[in-house]
Amino acid sequence: MINNGTTDGNSTPTRPRPLSPNIQIYRPQLTSVLSIANRVTGLILSLGAVGLVVWLSAAAAGPQTYRVVQDVIESWAGQFALFGCTFAFFLHLCGGIRHLVWDTVHGFELRSIYISGWTVVAASIVLSAAAWTISLFVAGWHP
Amino acid sequence: MIIESSDQVSRLSWLKRFPIPRNFKVTPESRIERGRTWPAPADAKRVKAFEIYRYDPDSGGNPRLDKFHVDVDDCGPMVLDALFWIKNKVDSTLTFRRSCREGVCGSCAMNMDGTNWLACTRFISDLGTNATIYPLANMRIIKDLVPDLTHVFAQYAAIEPWLYSKTPEPEKERLQSPEERSQLDGYYECILCFCCTSGCPSHWWNGNRFLGPAVLLQAWRWLTDSRDEAKGERLDALEDPFRLYRCHTILNCTRTCPKGLNPGKAIAEIKKAIVEREK
Amino acid sequence: MTRESFRSPLARALGLGAAKSGVQHWWAERLTAVALVPLCLWFAASIIAHAGSDYAVFIAWIRTPLATSCMILLLIALFHHSALGLQVVIEDYVHSGVKFVAVIAVRLCCYGLAVVGIIAIVRIALGG
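Residues numbered from 1 in each chain as written. Chains lettered and ligands numbered in written order. Predicted model: local features only at pLDDT ≥ 70, side-chain atom pairs only at ≥ 80, totals over all residues.

### With respect to the overall build of chain B
Under the convention used in this document: Counting from the N terminus, the helices are the DSSP runs of H or I reaching at least four residues and the strands are the DSSP runs of E reaching at least two. Partly exposed residues are those falling between the two cut-offs: more than 12 but fewer than 20 other C-beta atoms within 10 Å of their own, whereas 20 or more means buried and 12 or fewer means exposed, with C-beta atoms placed from the backbone. We call two residues in contact when the distance between their C-beta atoms, placed using the backbone, is within 7 Å.
Helix and strand content of chain B: nine helices and eight strands. Taken over the C-alpha atoms alone, chain B extends approximately 70 × 40 × 40 Å along its principal axes. The buried share among the 279 residues of chain B stands at 43%. The contacts in chain B between residues at least 6 apart in sequence include a share of 68% that link residues at least 24 apart.

Given below as structure tokens:
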């Protein structure tokens, strides 16, 4: 820890200075919330990538192994996880594109930051809903 | 919803802090305990409650949260006026830094209602019903609202914030065109209040090695100065996975700057310069 | 004296000096990200287009040259991007010696999984 107690080194030993609260009291803002969301969705997608490899390996192993994995995916828990991964994917994708634009040093004015931020949130919701609706349609699901 | 400038306060006050325990992952000496509630003034018509972080190094106790009631009609419009009112009329031990009272010195930087700003330019009416005043986030506290800025100033010294010249001194001035001078706009105005650095989560977790937005903005100020002749050496000193690349463009810094500056953009410019010299 | 160190604040801020590297990691993360945008969108579109189809259709689709090559490229870009991102996350939050072990483990797992996935795709593509 840096500069805990007194800095003169001549007085009697003192307790370390307290650290002012940081995440415990700092206001969540679109900036920090979207940033941590990008990180959390990245972590979720890393787990999803493991699932992708499992799924591909099952397909390579033959129709019976593939059926086992498909049953897990088609269960309620599997579909819930898949929906979560879809939303995480679109949020990370849109957030990632926002980051790539920032890397070209564009869009740093506060107005642009907030407009692009809300656009990322809206686009992720719309794209996830569209992906799932179209998938269900293609799969032949009728309401 | 759409913030156009950093002085706008968020109207969505439904979430003032992340939903985690108040003393989450806090070391024993930093635990905030319940403090005393000071009585409201008897004849005041409009009273505002302030919860203020207190710490007395001489008492041997932990930090605490004291609740004060301020007669808003009896004091000026800014939060700094309220702090002076409390110090003059209620508790004279309340300690805080202050100097210019007009937003140019950076002394009164503190965390009000969850965001870092200058107390002298934050209106009391912009704070919520239960206003909270904490010192700058993630700083070692000397007393009450006074943070120890030794480390962040040492990080500032580490980037060598002075003109580096290799060619011999000119007879008169070092010349600079208006376009070259305009490159400094938005960077030279920094008052080193450290609101941005104190609000950066990356600096919270890696502040010992990550330089932080204030220092990096000043680093860009010297990089972009046409009179400076050490651009390569400056970029060498910055290119480090921790000194520079702990910045993940969270952008709390740009959101909170009381002078309306853009540290996030400055850091993006530094990263771009480093890539450009590679390719 | 209870002071931990008598090193000056400037010396503490300078630490071990700048590593003078770090842009390669940053650039690779962006390069893989740019590659992943079209690859992931193509993958998502393919999955949606083949939703509900059976094993034979799925295998026939992977056997097409476009799908085989895109899937392999997807796995390479995905796991490299994932390894770089996870390394940054670990460096952010882990500060003890465990950090080195964790980064090595995560990187090796990512590249191992990429190889497993590529082999699975090749087996499907070449299998009779």
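### Comments concerning the overall build of chain C
We apply this condition: For this measure, only C-alpha atoms enter the radius of gyration; the expected value for a globule follows 2.2 Å times N^0.38, where N is the number of residues.
A tally of helices and strands in chain C yields five helices and zero strands. Its C-alpha radius of gyration of 22 Å places chain C more than 25% over the 14 Å reference for a compact globule of 128 residues. Based on the C-alpha atoms only, the size of chain C along its principal axes is roughly 75 × 25 × 25 Å. Excluding contacts between residues fewer than 6 apart, the proportion of contacts in chain C whose partners are at least 24 apart in sequence is 72%.

### Considerations on the domain arrangement of chain B
Residues and elements named next belong to chain B. Test applied: Boundaries between domains were set according to an automatic or database domain assignment. Only Asp, Glu, Lys and Arg are considered charged, only Ala, Val, Leu, Ile, Met, Phe, Trp, Tyr, Cys and Pro nonpolar, and every remaining residue, Gly among them, polar.
Once the domains are mapped, chain B shows domain 1 (28-147) and domain 2 (150-278). Put simply, the middle of domain 1 and the middle of domain 2, counted by C-alpha atoms, are 31 Å apart. With 14 residues of domain 1 in contact, the opposing surface of domain 2 contributes twelve residues. With four residues, the top contributor of residues to the side of domain 1 that touches domain 2 is strand 5 (residues 115-118). Across the side of domain 1 that touches domain 2, the residue classes break down as eight nonpolar, six polar and no charged.

### Focus: the interface of chain C and chain A
A common measure of how large an interface is: the accessible area buried when the components associate. In this complex, chain C contributes 32 residues to the contact, which on the side of chain A involves 30 residues. Elements with a minimum of two residues in the side of chain C that touches chain A: helix 1 (9-14), helix 2 (23-49), helix 3 (55-63), helix 4 (65-93) and helix 5 (98-126) of chain C. Considering every element that reaches the side of chain C that touches chain A, the biggest residue donor is helix 2 of chain C, with eight residues. Residues of the side of chain C that touches chain A, tallied by class, amount to 22 nonpolar, five polar and five charged.

### Brief notes about the interface of chain B and chain A
Facing 57 residues of chain B, the contacting portion of chain A comprises 33 residues. At five residues, helix 9 (residues 263-278) of chain B tops the list of elements feeding residues into the side of chain B that touches chain A. Taken together, the residues that form the side of chain B that touches chain A break down as 23 nonpolar, 22 polar and twelve charged.

### Quick look at the pairing of strand 4 (residues 109-112) of chain B
All names here are of chain B. Test applied: A strand pair is defined by DSSP finding two or more bridges across the two strands.
Burial of the side chains of strand 4 extends over both faces: Ala109 and Asn111 are buried on one face and Met110 and Met112 on the other. Pairing of strand 4 with strand 5 involves four bridges; the strand directions are antiparallel. Paired with Met112 across the strands is Thr115, a residue of strand 5. Counted between consecutive antiparallel strands, the loop separating strand 4 from strand 5 contains two residues, among which Asp113 sits at a positive phi close to 50 degrees.

### Describing the environment of Leu84(C)
Residues and elements named next belong to chain C. Along the chain, Leu84 turns up in helix 4. Between the alpha carbons of Leu84 and His95 there is a distance of 17 Å; along the sequence they are eleven residues apart. Leaving out residues up to four positions away in the same chain, Leu84 has contacts with His25, Ala28 and Glu29.

### Comments concerning the sheet that holds strand 2 (residues 47-54) of chain B
Residues and elements named next belong to chain B. Filter applied, for reference: Geometry is summarised by axes, namely lines fitted to C-alpha atoms with helices restricted to the contacting stretch, and by angles between N-to-C directions that run from 0 to 180 degrees.
With mixed pairing, the six strands of this open sheet are ordered in space as 1-3-2-6-4-5. Each end of this open sheet is capped by a strand with a single partner; those strands are strand 1 (33-37) and strand 5. Sheet twist, expressed as the average angle between the axes of neighbouring strands with direction ignored, equals 30 degrees. Across the sheet, helix 1 (residues 79-89) is in contact with strand 2, strand 3 (64-71) and strand 4; its angle to strand 3 comes to roughly 100 degrees.

### So, the environment of Ala122(A)
Examined against the element boundaries, Ala122(A) turns out to sit in helix 4 (residues 110-138). Considered as a pair, Ala122(A) and Pro28(A) are 94 residues apart in the sequence and their alpha carbons are 19 Å apart.

### As for the nonpolar core
Nonpolar side chains in soluble globular proteins generally cluster together in the buried interior. Residues and elements named next belong to chain B. Inclusion rule: Only buried residues count toward a nonpolar core: Ala, Val, Leu, Ile, Met, Phe, Trp, Tyr and Cys, linked into one set through C-beta atoms within 7 Å.
In terms of nonpolar packing, the biggest core is built from 113 residues, with Met110, Ala119, Ile133, Phe194, Leu216, Ala219 and Ile270 touching the most fellow members. Residues from two domains meet in this core; each of domain 1 (28-147) and domain 2 (150-278) gives at least three. Beyond its immediate chain neighbours, meaning those up to four positions away, Met110 contacts Ala119, Ile133, Tyr134, Pro135, Leu136 and Leu145.

### Some words on the packing of helix 3 (residues 76-103) of chain A against helix 4 of chain A
All names here are of chain A. Heads up, the condition is: Less than a right angle of anticlockwise turn of the near helix away from the far helix marks a crossing as left-handed, whereas a clockwise turn marks it as right-handed.
Two numbers describe how helix 3 lies on helix 4: the axes approach to 9 Å, and their chain directions differ by 145 degrees. Note that helix 3 runs across helix 4; the crossing there is right-handed. The residues of helix 4 that touch helix 3, namely those facing Phe83, Thr86, Phe87, Phe90, Leu91, Cys94, Gly95 and Arg98, are Ser116, Val120, Ala123, Ser124, Leu127, Ser128, Ala131 and Trp132. A breakdown of the residues in the contact of helix 3 with helix 4 according to their chemical character gives ten nonpolar, five polar and one charged.

### Things to note about unusual backbone geometry
All names here are of chain B. Its identity as a non-glycine residue notwithstanding, Arg101 has a phi of 55 degrees, on the positive side. Within the fold, Arg101 resides in the loop between helix 1 and strand 4. On the neighbour-count criterion, Arg101 (18 C-beta atoms within 10 Å) is partly exposed. At Asn138, a position not held by glycine, the phi torsion is positive, near 55 degrees. Topologically, Asn138 is positioned in the loop between strand 6 (130-134) and strand 7 (141-143).

### Re helix 3 of chain A
This is how the line gets drawn: Expected helix span is taken as 1.5 Å per residue step, with the number of steps being one fewer than the number of residues.
Between its first and last C-alpha atoms helix 3 of chain A spans 40 Å; for 28 residues at 1.5 Å apiece the expected length is 40 Å, and the two agree. Along helix 3 of chain A, the residues classified as buried are Thr86(A), Ala88(A), Phe89(A), Phe90(A), Leu91(A), His92(A), Leu93(A), Cys94(A), Gly95(A), Gly96(A), Arg98(A) and Trp102(A). Check the buried side of helix 3 of chain A and you find it contacts helix 1 (30-61) and helix 4 of chain A, helix 9 of chain B together with helix 2 of chain C.

### Quick look at the packing of helix 6 (residues 213-223) of chain B against helix 7 (residues 231-238) of chain B
Residue and element names in this part refer to chain B. In plain terms, the rule: Small angles under 35 degrees read as roughly parallel and large ones over 145 as roughly antiparallel, with 65 to 115 read as roughly perpendicular and the rest as oblique.
Closest axis-to-axis distance for the helix 6/helix 7 pair is 10 Å, and the angle between their directions is 160 degrees. Considering their axes alone, helix 6 and helix 7 lie roughly antiparallel with respect to each other. Handedness of the crossing formed by helix 6 with helix 7: left-handed. Residues Ala219, Trp222 and Leu223 of helix 6 lie in contact with helix 7, whose contacting residues are Lys231, Arg234 and Leu238.

### What to know about helix 5 of chain C
Between its terminal C-alpha atoms helix 5 of chain C stretches 42 Å, which fits the 42 Å expected from 29 residues at 1.5 Å a residue. Taken residue by residue, helix 5 of chain C has Cys110(C), Leu113(C), Ala114(C), Gly117(C), Ala120(C), Ile121(C) and Ile124(C) as its buried positions. Contacts made by the buried residues of helix 5 of chain C are with helix 1 of chain A together with helix 3 and helix 4 of chain C.

### Here we look at the pairing of strand 3 of chain B
Residue and element names in this part refer to chain B. Relative to strand 3, strand 1 runs parallel, the two sharing three bridges. Residue pairing for strand 3: Arg34 is matched across the bridge by Leu65. Across eight bridges, the pairing between strand 2 and strand 3 is antiparallel. Directly across from Ile52, in strand 3, lies its bridge partner Asp66.

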